[in-house]
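Observations on the three-dimensional arrangement
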Amino acid sequence: MLRILRAFVWLRWRMLLNSLENTGARDRLERFSLAIERLGPIMAAVFLIPSMLGLAIVASAAGYSLGRGDQHSLLFEALRYLLLFIPIASIVGPLFLPAADRTNPVRLLLLPIPRRTLYAAQAATALGDVWTVIVLPIALFVPFGLALAGALDSAVVVLAGGAVFLAVVIGLSALATSVLHLIARDRRRGELLALLFILIIPAVSMLPGLLHGRHSRGAQRRGSATEEVHLPVWVAAAAERAFAVYPSELYVRSARAMPAREVQTAATRLGLLAIIAVAVHAAGMFVFGRILDSPGATGARRSVTARKAWGMTIPGLTPGASAVALAQLRLALRTPRGRSILLSPLVMMAVFAVVVLRRSGGFDLGPVSLNGGLGFASFTSFICLVATLPIVVNQFAVDKAGMTLALLSPLSDEEYLTGKEVGNALIAFPPALISLVAAIGIFRSGSPALWAAVPLALIATYLLISAPAAMLSALFPRLVDLNSIGRSSNAHGLAGLLGMLAFVVAGGSNLIIVLAATKWLERPGLVPILLLGWCAIAFFISRVLFAVARRIFASRRENLALLLSDK
Amino acid sequence: MHLELAVQTTGLTRDFGSFRAVDGIDLVVPAGSLYGFLGPNGAGKSTTIKCLTGLLRPTAGSMMILGTNPIADPVSVKRRIGVVPEDLALFDRLTAQETLTFVAQVHGIDRATAQHRASDLLNLMELKSAGTTLVTDFSHGMRKKLSLAAALLPAPKLLFLDEPFEGIDAVASRQIKDLLLSFVSHGGTIFLTSHILEIVERLSTHIGVIAGGRMVAQGPIADLRAGAGSGKSLEELFIGLVGGDARTPAALDWI
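These lines cover the structure that appears in this document, whether it is placed above or below. Throughout, a residue's number is its position along its own chain's written sequence, starting from 1. By the order in which they are written, chains take letters starting at A while ligands take numbers starting at 1. Local features in a predicted model are, by the rule used here, given only for residues with pLDDT of at least 70; side-chain atom pairs are given and counted only at 80 or more, and totals for whole chains, interfaces and linings are based on all residues. Computation of side-chain values covers all heavy atoms of the structure but excludes hydrogens and water.

As a further point, take the overall build of chain A. When helices and strands are counted, chain A shows 20 helices and 2 strands. Each residue is placed in one exposure class: buried if its accessible area under a 1.4 Å probe, protein chains only, is under 20% of its type's maximum, exposed if it is over 50%, and partly exposed if it falls in between. Out of the 567 residues in chain A, the part that is buried amounts to 49%. Residue contacts are defined here by distance: any two heavy atoms, one from each residue, within 4.5 Å place the two residues in contact. Across chain A, contacts joining residues at least 24 apart in sequence account for 79% of those joining residues at least 6 apart. Strands here mean DSSP runs of E at least two residues long; helices mean DSSP runs of H or I at least four residues long; both are numbered from the N terminus.

This is the structure:
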């Protein structure tokens, strides 16, 4: 067993080193691109070490306080809140990890290893996860602090509690990974899950903030203190009971009980934690067994309706450019990440609209306060443009092998880039226009001139960012999987950052024009005229930038062609 | 007698940093021939095809494809060639029908002709029932057949096929072989790489052998076999040319 676990540890370590050593870069720019890609994980690792040291010191101090009889030490309370997030992170975290970061069970099945050992090896990979690494200094150094304070027996029990809590976290992570694998091996089910997570998590996570913002603002308007929200008694009681058996709480309460000589309470909590650990690992083994029983991908073949429109040529484009544009649109329509780009701004808009309609007025979004339909429309339609970032700043590599087909085709660079530019516009504009129309329908107030300015501002923004996005896509291509929801579907980090800056600068220029007309000249009627002029200038700028993008693309064409073979 | 050439290279070289993948090869592929381009793994076959099809620029040397310099006029050359590359070059999220529509559009083929040809090809490749299925759900063999259909749709004069028989079943392999012979009999030229020497031996009129990035032999298959001595199979000829020996596992006495 130990020999096999050691082999798996070596395997993970070797894979990590190989990923850092063998860059396979073809030129200086690609070396830079790869270095930037790896900077994130390296920086995270660099920051993690001092963080872990700091956490160890805090845990030691918290343990020492507990040992000296301070049951409600502020430091231990801080650790308690931190630990609250660990079980959740261990369940949700595997969803956002690239599949390659986990050991492939199909490959494992070929090895002459018993199933239990395979499960142990699979579960042990969770030891490298951030949420597990955070538990380690707490589990080790709270007992250390207790021992320093002279409570040796408590230290031993709390150390055991920490080990059991760690086992629960690892078990949850392994179980979540296996369940995810079981769901995602049916490709259609996996894509649906990905789409749900992309759409629902952001929407749900925004609701409390939005509602709270309105709630606080309402309270402020009335000049009263923040009102308390009362839950029904049975809900509060059930929540309290559930919270008492939450793994991190069991660990915390057992750790508090021991120094206070409440041995029975500590033992009960620890026993419950152990039962949870056993149950989680039993469930994990069961699900892992199901994967090993039939490890292959399943799922029926998907058919799509043949639409005549797909065979048509977009007016104003050559047939080749039109084909590229329609292929780009279909990519967005048929991948979870692409669909999320099309749908998530609309979901966000719906959430905002519900909040606004319920509370009649504007809403707060962090430091930004949006009031009235124009602000709402400008914000949501701009979000629709920004949401396309993962595809727009990686517009060539998202096609994967399809990119090779395009590069082998008798398309001039201009046709290919134009097709991509139009295709990206087809992805970005429909949701933006739907947002705009919905905003007009909801609010029906404000100057028509200012309403007309919103689509003009969108056009000017898109014209200004399309060529830089093509440049970034050619310079920093990244092979991505638009079927996944994690990092593996994001564009290159630097392309994403620079792309976002380009969006902000391009969008900001419109804002300056609107401010100039409304605040300084005090003539709102001028806004659409000025923006129309700005669109013309933006078009001219975009053509100049497009020529540069074409040159950059020509010089990086070979690099793009080799991206798949990774020569 | 002047021999019309579909592909001609002189000193074709391609470096990847300090590594020379293709080292000054002179290819001579007569028009109307089925040219088998052979070599051991890592010999430089795929890199050569990538240079010839315009995916890579040669580090040195010159090329003429169907009488045109592909570096000076790549679009004109691409209009007249079809390629099945090693990654098969297919959009995952298009259907078979849409893939062929895409190819027809980028080649500027009118819709009626495109539909007619697509229908013929999907029938021939037995992909008709999968016409509306996304490529991502295709098996490897289906992808290979679709890639070949996409290469054939514009009715090219020259086909570049990188390992067309790898990973496909016997029935599909037979269909593809018949299709390729028919293509050549109609005046087309095929430049193919394959590790399956029996197939190359049966189909090819000419072969070229590359090893370590260098051409070690080239010419009509009959001439090469005659030069090597009577009764030699292509496998024996190939092993002799690339410097391999018939190593027996005698040293592995622990097996």
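Here the focus is the overall build of chain B. The number of helices and strands found in chain B is 9 helices and 10 strands. On the principal axes, the C-alpha backbone points of chain B span a range of 55 × 50 × 40 Å. Taken over 255 residues, chain B has a buried fraction of 54%. Working note: accessible area of chain B is about 11,000 Å², and carbon and sulfur atoms make up 53% of it. Positive charge is attributed to Lys and Arg, negative charge to Asp and Glu, and no charge count is given to His or to the chain ends. Taken as the charge centre is NZ of Lys, CZ of Arg, CG of Asp or CD of Glu, depending on the residue. Looking at chain B, you have 23 positive and 25 negative side-chain charges, and the mean spots of the two groups are 5 Å apart. All accessible-area figures derive from a Shrake-Rupley calculation using a 1.4 Å probe, and residue coverage is judged against the displayed protein chains alone.

Before going further, it helps to examine helix 11 (residues 263-293) of chain A. Under the 1.5 Å per step criterion, the end-to-end length of helix 11 of chain A is 44 Å for 31 residues, consistent within 8% with the ideal 45 Å. Here helix 11 of chain A has its buried residues at Ala266(A), Leu270(A), Leu273(A), Ala277(A), Val280(A), Gly284(A), Val287(A), Phe288(A), Gly289(A), Ile291(A) and Leu292(A). Multiplying one less than the number of residues by 1.5 Å gives the expected span of a helix.

Moving on to the environment of Asp481(A). Turning to its location among the elements, Asp481(A) is positioned in the loop between helix 18 (448-475) and helix 19 (493-520). Contact partners of Asp481(A), with chain neighbours within four places excluded, come to Lys400(A), Ser488(A) and Ser489(A).

To continue, consider the sheet that holds strand 8 (residues 189-193) of chain B. Residues and elements named next belong to chain B. In this description, strands pair whenever DSSP reports at least two bridges between them. One open sheet accounts for 6 strands, arranged 6-7-8-4-9-10; its pairing is mixed. The strands lining the two open edges of the sheet, one partner per strand, are strand 6 (81-84) and strand 10 (214-220). Pairwise comparison of adjacent strand axes, ignoring direction, gives a mean angle of 15° for this sheet. Here 5 bridges tie strand 7 (residues 158-162) to strand 8, and the two strands are oriented parallel to one another. Residue pairing in the sheet places Asp162 in a bridge with Thr193 of strand 8. Interaxial angles span 0 to 180 degrees and are taken between N-to-C directions of axes, which are lines fitted to C-alpha atoms, for helices over the stretch in contact. Strand contacts of helix 5 (residues 140-152): strand 6 and strand 7, with the helix running at about 170° to strand 6, the strand carrying the most contacts. Packed onto the sheet, helix 8 (residues 221-228) meets strand 9 (206-211) and strand 10 and runs at close to 110° relative to strand 10.

Another aspect to go through is the packing of helix 19 of chain A against helix 20 (residues 526-562) of chain A. All names here are of chain A. The contact between helix 19 and helix 20 brings their axes to 9 Å, and the two run at 145°. Two packed elements cross with a definite hand, and for helix 19 against helix 20 that hand is right-handed. Residue-level contacts link Ser509, Asn510, Ile513, Val514, Ala517 and Thr518 of helix 19 to Leu526, Val527, Leu530, Leu531 and Trp534 of helix 20. Counted by class, the contact of helix 19 with helix 20 contains 8 nonpolar, 3 polar and no charged residues. Should the near helix be turned anticlockwise from the far one by less than a right angle, the crossing is termed left-handed; should it be turned clockwise, right-handed. Note that Gly is not counted as nonpolar here; it falls among the polar residues with everything else outside the nonpolar set of Ala, Val, Leu, Ile, Met, Phe, Trp, Tyr, Cys and Pro and the charged set of Asp, Glu, Lys and Arg.

In this section: the pairing of strand 4 (residues 34-38) of chain B. Residue and element names in this part refer to chain B. Along strand 4, 5 of the 5 residues are buried, which leaves the element largely enclosed by surrounding structure. Residues Leu34, Gly36 and Leu38 point to one face of strand 4 and Tyr35 and Phe37 to the other, with burial holding for every one of them. In this sheet, strand 8 lies alongside strand 4 in parallel orientation, the contact comprising 4 bridges. Looking at strand 8, one finds that Tyr35 is bridged to Phe191. In terms of strand pairing, strand 4 meets strand 9 through 4 bridges, oriented parallel.

Here the focus is unusual backbone geometry. In the Ramachandran plot, Leu66(B) falls in the positive-phi region, its phi being about 50° despite a non-glycine side chain. Residue position: Leu66(B) is located in the loop between strand 5 (60-65) and helix 2 (74-80).

Let us look at the interface of chain B and chain A. When the parts of a complex come together, some accessible area is lost, and that lost area is often used as the size of the interface. Contacts between the two partners involve 37 residues from chain B, matched on the other side by 41 residues from chain A. Here chain B and chain A share an interface that buries about 3,600 Å² over both sides, 59% of which is from carbon and sulfur atoms. Salt bridge, as applied in this entry: a Lys or Arg side-chain nitrogen positioned within 4 Å of an Asp or Glu carboxyl oxygen. At the junction of chain B and chain A, the tally comes to 4 salt bridges. The partner of Asp92(B) in a salt bridge is Lys400(A), with the nearest N and O atoms 3.7 Å apart. With 7 residues, the top contributor of residues to the side of chain B that touches chain A is helix 3 (residues 96-106) of chain B. A per-class count over the side of chain B that touches chain A returns 15 nonpolar, 10 polar and 12 charged. Buried area counts how much accessible surface, traced with a 1.4 Å probe, disappears from two parts once they are put together, with both parts' losses summed.

So, on to the nonpolar core. Among the buried residues, those of types Ala, Val, Leu, Ile, Met, Phe, Trp, Tyr and Cys that are joined through side-chain atoms within 4.5 Å form a nonpolar core. Counting residues in hydrophobic clusters, the biggest one holds 108 residues, and the most contacted among them are Phe102(B) and Phe160(B). Among the nonpolar cores identified, the runner-up in size contains 45 residues, and Ile134(A), Ile138(A), Leu273(A) and Val280(A) belong to it.

Residue and element names in this part refer to chain A. Taken together, the side chains of Tyr64, Leu136, Leu140, Phe141, Phe144, Leu148 and Leu159 define a hydrophobic patch exposed on the protein surface, amounting to about 620 Å² of accessible area. Considering every element that reaches the nonpolar patch, the biggest residue donor is helix 6 (residues 130-148), with 5 residues. Here Phe144 shows up in helix 6. The exposure class of Phe144 is partly exposed, given its relative accessible area of 42%. Only residues whose relative accessible area exceeds 30% and that form no salt bridge enter a patch; like-charged residues are grouped when within 9 Å of one another, and nonpolar side chains (Val, Leu, Ile, Met, Phe, Trp, Tyr) when within 5 Å.

Turning next to the packing of aromatic side chains. All names here are of chain A. Geometry of aromatic contacts follows a simple scheme: Phe, Tyr and Trp rings, the Trp one being its six-membered ring, pair when their centres are within 6.5 Å, and the pair is stacked under 30 degrees between planes, edge-to-face over 60, tilted otherwise. As enumerated under the stated definition, the model contains 13 aromatic pairs over all chains in all. Taking 5.8 Å as the distance between ring centres and 75° as the angle between the ring planes, the aromatic pair formed by Phe141 and Phe144 counts as edge-to-face. Highlighted residues: Phe141 and Phe144, both in helix 6, separated by 3 residues, approximately one helical turn. Relative to Tyr462, the ring of Phe429 has its centre 5.6 Å away and its plane inclined at 80°; by these criteria the two rings are edge-to-face.

In this section: the side chain of Lys45(B). Residues and elements named next belong to chain B. Topologically, Lys45 is positioned in helix 1 (residues 45-52). Glu163 provides the closest opposite charge to the buried, salt-bridge-free Lys45, at an N-O distance of 4.9 Å. A polar side-chain atom of Lys45 sits 2.8 Å from the main-chain carbonyl oxygen of Gly39. Side-chain polar atoms of Lys45 contact the backbone oxygen of Pro40, separated by 3.2 Å. The contact partners of Lys45, leaving out residues within four places of it in the chain, are Phe37, Leu38, Gly39, Pro40, Glu163, Thr193, His195 and Ile210. N or O atoms within 3.5 Å of each other form a polar contact, as long as, within protein, one can give a hydrogen and the other can take it, and as long as residues adjacent in sequence are counted only when both atoms are side-chain atoms.

With that out of the way, let us pick up the pattern of salt bridges. Pairing between side chains of opposite charge can happen when the charged atoms of each approach one another. All names here are of chain B. On inspection of all chains with the given rule, the structure shows 20 salt bridges over all chains. As a salt-bridge pair, Asp23 and Arg214 come within 2.8 Å of each other at their nearest N and O atoms. Pair noted here: Asp23 is in strand 2 (residues 19-25) and Arg214 is in strand 10, with a separation of 191 residues, a long-range link. Residue Arg214 is classed as exposed on the basis of its relative accessible area of 51%. Between Arg174 and Asp178 there is a salt bridge; the shortest N-O distance is 3.6 Å.

Residue and element names in this part refer to chain B. The alternating pattern of strand 6 places Ile81 and Val83 and Gly82 and Val84 on opposite faces, both of which are buried. Pairing between strand 6 and strand 7: 4 bridges, direction parallel. Paired with Val84 across the two strands is Leu161, which belongs to strand 7.

Time to look at the state of the cysteines. All names here are of chain A. When two cysteine sulfur atoms are found within 2.5 Å, that pair is recorded as a disulfide. If you walk through the whole model with that rule in mind, you get 0 disulfides over all chains. Note on Cys384: no disulfide assigned, nearest cysteine sulfur contributed by Cys535 at a separation of 17 Å. The class for Cys384 is buried, based on a relative accessible area of 1%.

Among all positions of helix 9 (residues 234-242) of chain B, only Leu234(B), Leu237(B) and Phe238(B) are buried. Taken down its axis, helix 9 of chain B places every buried residue within 100° of arc, on the same side. It is the directions from the helix axis to the C-beta atoms that the arc portrays.

Residue and element names in this part refer to chain A. Between helix 12 (residues 319-334) and helix 17 (residues 413-443), the least distance of the axes is 7 Å, while the angle of their chain directions is 40°. Relative to helix 17, helix 12 is oriented oblique. Judged by the sense of rotation from one axis to the other, the crossing of helix 12 with helix 17 is right-handed. Touching Gly320, Ala321, Val324, Ala325, Gln328, Leu329 and Ala332 of helix 12 are Glu415, Tyr416, Gly419, Lys420, Val422, Gly423, Asn424, Leu426 and Ile427, all from helix 17. Here the residues of the contact of helix 12 with helix 17 sort into 9 nonpolar, 5 polar and 2 charged. Any angle that is under 35 degrees is reported as roughly parallel, and any over 145 degrees as roughly antiparallel; angles of 65 to 115 degrees are reported as roughly perpendicular and all others as oblique.

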